[in-house]
Amino acid sequence: MNNWIIIAAALAYLILLFLIAWYAEKRQKSGRSLINNGYVYALSLAVYCTAWTYYGSVGRASTHGLEFLTIYLGPTIMCAAFWPVLRKIIRICKTQRINSIADFISTRYGKNFSIASLVTISCVVGIIPYIAIQLKAISASFELLSAGNNPQASPVNDTTFYVTIALTLFIIFFGTRSVDASEKHEGLVAAIAAESVVKFLAFIAAGIFITYGIFNGAGDIFSRAMERKELQHLFTLGGEGAGPSSWLSTLVLSMFAIIFLPRQFQVGVVENLREVHLKKAIWLFPLYLFAINIFVLPIAIGGMLLGTGSDADMYVLSIPLAHGQQWLSLFIFIGGFSAATGMIIVETIALSTMVSNNLVIPLLLSRSLSVGSQGSLQTTILWVRRISILLILLIAYAYDKAVAEQFSLVSIGLVSFAAVAQLVPALLGGIYWKEASKAGAIAGLVTGFLIWTITLVIPSMVNAGLLPDAIMQEGIFGQGWLRPYSLMGLKGLDPITHSLFWSLSLNTLVFTLTSMYTRRSVQETYQAEIFTDIFEQSRYADNKVVWKGNASVRDLKGLLQTFLGEERAEKILVNYANRHKIDLAVKRADPRLTNFTEKILSGVIGSASAHIMVTSVAKAEELGIEEVVNMLRESQQIIELNKELRKKSSELAKAGEQLQAANSQLREMDAMKDEFLYTVTHELRTPLTSIRALAEIVHDNPDLPDEQQQHYLGAIVKETERLSHLITQVLNLERYESGRQKLHMSSVNLTQLIRDVADATLPLIKEKQVELKLHLPDSMLLVECDKDLVSQVIYNLLSNAIKFTPEEGSISITTRHNYDEVQVWVADTGKGIPEDLHELIFDKFFQARNQTLTKPQGSGLGLAICKKIVELHQGKIWVESKPGLGSTFIFTLPSTKTFFLNG
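Worth saying up front: this structure is predicted, and the values here are computed from it rather than measured.

Brief notes about the overall build of the protein chain
Consideration 1: Broken down by element type, the protein chain carries 35 helices and ten strands.
Consideration 2: For the protein chain, the proportion of its 903 residues judged to be buried stands at 54%.
Consideration 3: Summing over all exposed atoms, the protein chain offers an accessible surface of approximately 40,300 Å²; the carbon and sulfur share of this is 59%.

Dropping the structure here:
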């Protein structure tokens, strides 16, 4: 294929990444994050699948058979069983504003500069070969696709060199936008997630073509392979050099790699937006690993069956190319390009941050710069990182041309895995063992990396011709016990297992023993408490300060302005002060402000440098370990006390609200009682006044004619009856409301009951000259109710209708059976009732209080009593009325207590 087509496709792919990253950052600025979900987080973790997976797994499977799976079984086990470890690391990083794995270990061991530098150098040395094999994969795939048209005589004519430069520009543009390395690179993460999709689709396309386009499925490939003796071992667990020790060592290395590789730490920890995304990643990421490897063995065996003669690492590309699939091959090339560039981008950003914060910046600060004289260092820090990115990629490019081309992708990748495995004792020991010390961590790391260098790095340099072969046979410095592949006389293990055994075991042993016999500093003690109990400590991290000394607000502000700029520093300080009610106008800084300043700087220049810078402007008093422990305990006690106080305060507030509601209710009930008493006494006084006046007339005028005396005495009797009726109603209502009224339930013929009540009111009807119409069924309508009480309801409604119906008017009583209830309708042709009074007329004494509204007569207790009686029978009562159109009172009795009988 023409070189320019391949280059144009690669450039187009890089431009696509630019656009995706740009769009993600645009969404971030508008508050609509594109990556704030578990799916993107899981896809970003798939940066684990590099060119090693894309090309190298096929090559590994062609020689070691199923052993290639261990590289993916390790992360799967880690996700399923050890995700709480990752959650704890994420919580620590968020609380401490940690931005790299070197910063993490340094912060744990007292924010120590030496250990940060050691980890940084170790990671750079260990990972450079890993970056180099990505460049090698790009170079090899380009050469294969272009049919060897890439001359590579010099970097000027080497396409890989220009790809390296393009990647450098991309990483600088999107990876160094902010000086705060702890800030999220949303554009970058979105691009990495997109890359994971592209490489997955391309690999699956290659697998489908080879398995089903060239062969008749995986069964065809495997059956043909089983017929060839030299391929049968690929179906067993004991491929070439794939013994139990090899399986175990590769499994352990891959378990560590998924967390401790700088790029995995970057996307899995630093770029994590929410811990809850882990829940989705623990099943989605292993699923991705399974899916992308499903065609590895068919492609590997298919390539061997076809005998293409090409490097097994390149089967995934060479087979489609050999079968004339030019465009499919180009797509597969882009997939491999994606896998390689994704790893390079993230790994380079992680390493450049570590180099900048732990090697270059401390050196610059200690030699020529001081706070208050240099102005803002933002530009300096950004340029340090950009230059670091350029140098890392150029060194990786040089390593690729000088060394990596002589080894397989997997062999170099495992060397890098073994390098980062040396961080495990210091990191895991630091988050679970409080006695772990800085001296122990340094001693363990130095030991581990020294053994790793002897057993893996030196042999690779010998193979590359950079060191004499005699070292392998005679040992380093001629010492037989220092032979790289048989250290201390141990033989029979493959190089990776041999190196891992010695480096990790001695690393752990030295780390443990040294920690046990060395004293920890005050800062180490404090950080050990924070790291090991992070879930408890992080709840009140902002208010926890173990520090004594003097620092001025002006100095702290100046320090932040130096690294963040005046505007941003001012905004950060003011927001924090407002949130914690700290006065920035005072001269002496609140200890929390000093602590906060150090945390902010940690995200910019690393915890070790931040600690040094804050200490340089704050006159801290030396604290003893006992004092720190006591302060932590006091802080813990204060936290618990505050927690208890907040709980009590919440309970008191709730009780206060309940008391206030009860008080309001009592006041309302008191007002109702006063109103009730006033209305009752008013209603009682009216007939009493009449009785007294009439009695005085009769008493003071004994000569009144008999007829007139009888008239007055009759009026007295009438008023007395009215008074007695009112008292009876009040007493009845009180019984209903207090619940003392008992129902005497019986089967009652409701039709007959209505007729009886109607008969009792005939004198009133005749006196008022109104017409009464009864629309009742001929059959018996049996209802289970208290006959006397229901009779009173009907009587009250009927007497009210008579009272409010004008002469010549009419009244009707109707019964209806409506599904689950029986309704009784009492309608009149009176003045009607406004709609806004439909509910109020059932209140006690409403009519008495509103004599001038629409109803001129009545005590106002009749309807209230009706409502209580109906409700006692689980029924309802309401009125339908409009002014001038009469009123209809309706009450119901549940049908569960009714019996409708014919005849």
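Re a nonpolar patch on the surface
Consideration 1: Taken together, the side chains of Y39, W283, L287, F290 and I294 make up a nonpolar region of the molecular surface, amounting to roughly 560 Å² of accessible area.
Consideration 2: Top contributing element to the nonpolar patch by residue count: helix 13 (residues 277-292), with three residues.
Consideration 3: Here L287 lies in helix 13.
Consideration 4: The exposure class assigned to L287 is partly exposed, which follows from its relative accessible area of 45%.

Side note on the nonpolar core
Consideration 1: Judged by nonpolar contacts, the single largest core of 154 residues is most densely connected at Y48, I89 and F104.
Consideration 2: Looking at which element gives the most residues to this core, the answer is helix 16 (residues 326-367), with 16 residues.
Consideration 3: If near-sequence neighbours (up to four positions away) are discounted, F104 is found in contact with I89, I92, C93, I98, F265, L427, I431 and F531.

A look at the sheet that holds strand 9 (residues 887-894)
Consideration 1: Strand order across the open sheet formed by five strands is 4-6-7-9-8, with mixed pairing between neighbours. Among the strands making up the open sheet, the edge pair consists of strand 4 (771-775) and strand 8 (877-881). Averaged over all pairs of adjacent strands, the angle between strand axes in this sheet comes to 20°, irrespective of strand direction.
Consideration 2: Direction of pairing for strand 7 (residues 821-828) relative to strand 9: antiparallel, over a ladder of seven bridges. By the bridge assignment, V822 is partnered in strand 9 with L893.
Consideration 3: Sitting on the sheet, helix 31 (residues 750-760) is in contact with strand 4, strand 6 (810-818) and strand 7, with an inclination near 175° to strand 4.

Some remarks on the pattern of salt bridges
Consideration 1: Applying the stated rule across the entire model yields eleven salt bridges.
Consideration 2: Between E570 and K557 there is a salt bridge; the shortest N-O distance is 3.6 Å. Note that E570 is positioned in helix 26 (residues 566-580) and K557 in helix 25 (residues 553-564), a separation of 13 residues in sequence.
Consideration 3: A residue is classified by how much of its surface remains accessible, and E570, at 33% relative accessible area, is partly exposed.
Consideration 4: Here E696 and R692 are joined by a salt bridge, their closest N and O atoms 3.0 Å apart. Of this pair, E696 and R692 both sit in helix 29 (residues 625-700), four residues apart, roughly one helical turn.
Consideration 5: For R692, a relative accessible area of 59% translates into the label exposed.
Consideration 6: A single salt-bridge network, built from bridges that share partners, covers R87, R91 and E275.

Topic: the pairing of strand 7
Consecutive side chains along a regular strand alternate between the two faces of the sheet.
Consideration 1: Counting buried positions over the eight residues of strand 7 gives eight, a clear majority of the element.
Consideration 2: Side chains E821, Q823, W825 and A827 project from strand 7 onto one buried face, and the interleaved V822, V824, V826 and D828 project onto a second face that is buried too.
Consideration 3: As judged from the eight bridges shared by strand 6 and strand 7, these two strands associate in the antiparallel manner. Following the sheet pairing, T815 is matched in strand 7 by V824.

Quick notes on the packing of helix 4 (residues 70-81) against helix 13
Consideration 1: It is at 9 Å that the axes of helix 4 and helix 13 come closest, and there the two elements cross at 170°. Comparing their axes, helix 13 and helix 4 come out roughly antiparallel. By crossing handedness, the relation of helix 4 to helix 13 is classed as left-handed. Residue-level contacts link Y72, P75, T76 and C79 of helix 4 to I282, F285, P286 and L289 of helix 13.

Some points on the side chain of T353
Consideration 1: Note that T353 resides in helix 16.
Consideration 2: Among the residues examined, T353 registers a relative accessible area of 7% and is labelled buried.
Consideration 3: Within the structure, the side chain of T353 is placed 2.9 Å from the backbone oxygen of I349, a separation counted as a polar contact.

A closer look at helix 26
Consideration 1: For helix 26, built from 15 residues, the straight-helix expectation of 21 Å at 1.5 Å per residue is met to within 8% by its first-to-last C-alpha distance of 21 Å.
Consideration 2: Looking at the buried positions of helix 26, the neighbouring elements they touch are helix 25 and helix 27 (591-605).
Consideration 3: Positive phi shows up at K581, right after helix 26, with a value of about 55°.

Section: the environment of L509
Consideration 1: Within the element layout of this structure, L509 appears in helix 22 (residues 495-516).
Consideration 2: Sequence separation of L509 and G444 is 65 residues, and the distance between their C-alpha atoms is 7.5 Å.

Things to note about the environment of G187
Consideration 1: Structurally, G187 can be placed in helix 9 (residues 186-214).
Consideration 2: Assessed through its relative accessible area of 0%, G187 is described here as buried.
Consideration 3: Taking the C-alpha atoms as reference points, G187 and L17, 170 residues apart in sequence, are found 9.1 Å from one another.

Thoughts on empty space enclosed by the protein
Consideration 1: A full pass over the atoms with the stated rule returns six cavities of 30 Å³ or more.
Consideration 2: Approximately 120 Å³ is the volume found for the largest cavity.
Consideration 3: The set of elements that each furnish at least two residues to the lining of the largest cavity consists of helix 4, helix 5 (83-96), helix 11 (244-260), helix 12 (262-270) and helix 13.
Consideration 4: The dominant element in the lining of the largest cavity, judged by the number of residues it contributes, is helix 13, at three residues.

Rules used throughout
- Residues numbered from 1 in each chain as written.
- Predicted model: local features only at pLDDT ≥ 70, side-chain atom pairs only at ≥ 80, totals over all residues.
- Heavy atoms only, no water.
- Helix = DSSP H or I, 4+ residues; strand = E, 2+ residues; numbered from the N terminus.
- Buried < 20%, exposed > 50% of the residue type's maximum accessible area, 1.4 Å probe, protein only.
- Areas by Shrake-Rupley, 256 points an atom, 1.4 Å probe, with all protein chains shown as cover.
- Patch = residues over 30% accessible without salt bridge, like charges linked within 9 Å, V, L, I, M, F, W, Y side chains within 5 Å.
- Salt bridge = Lys/Arg side-chain N within 4 Å of Asp/Glu carboxyl O.
- Core = buried A, V, L, I, M, F, W, Y, C linked by side-chain atoms within 4.5 Å.
- Contact = heavy atoms within 4.5 Å.
- Pairing = 2+ DSSP bridges.
- Axes fitted to C-alpha atoms, helices over the stretch in contact; angles between N-to-C directions.
- Parallel < 35°, antiparallel > 145°, perpendicular 65-115°, else oblique.
- Left-handed = near helix turned anticlockwise from the far one by under 90°.
- Polar contact = N/O pair within 3.5 Å; in protein donor to acceptor, adjacent residues only side chain to side chain.
- Expected span 1.5 Å × (residues − 1).
- 1 Å grid on protein atoms, 1.4 Å probe; cavity = no way out; pocket = protein on both sides within 12 Å on 5 of 7 lines; lining within 4 Å.
- Points joined across faces, edges and corners; volume = space filled by probe spheres on them.

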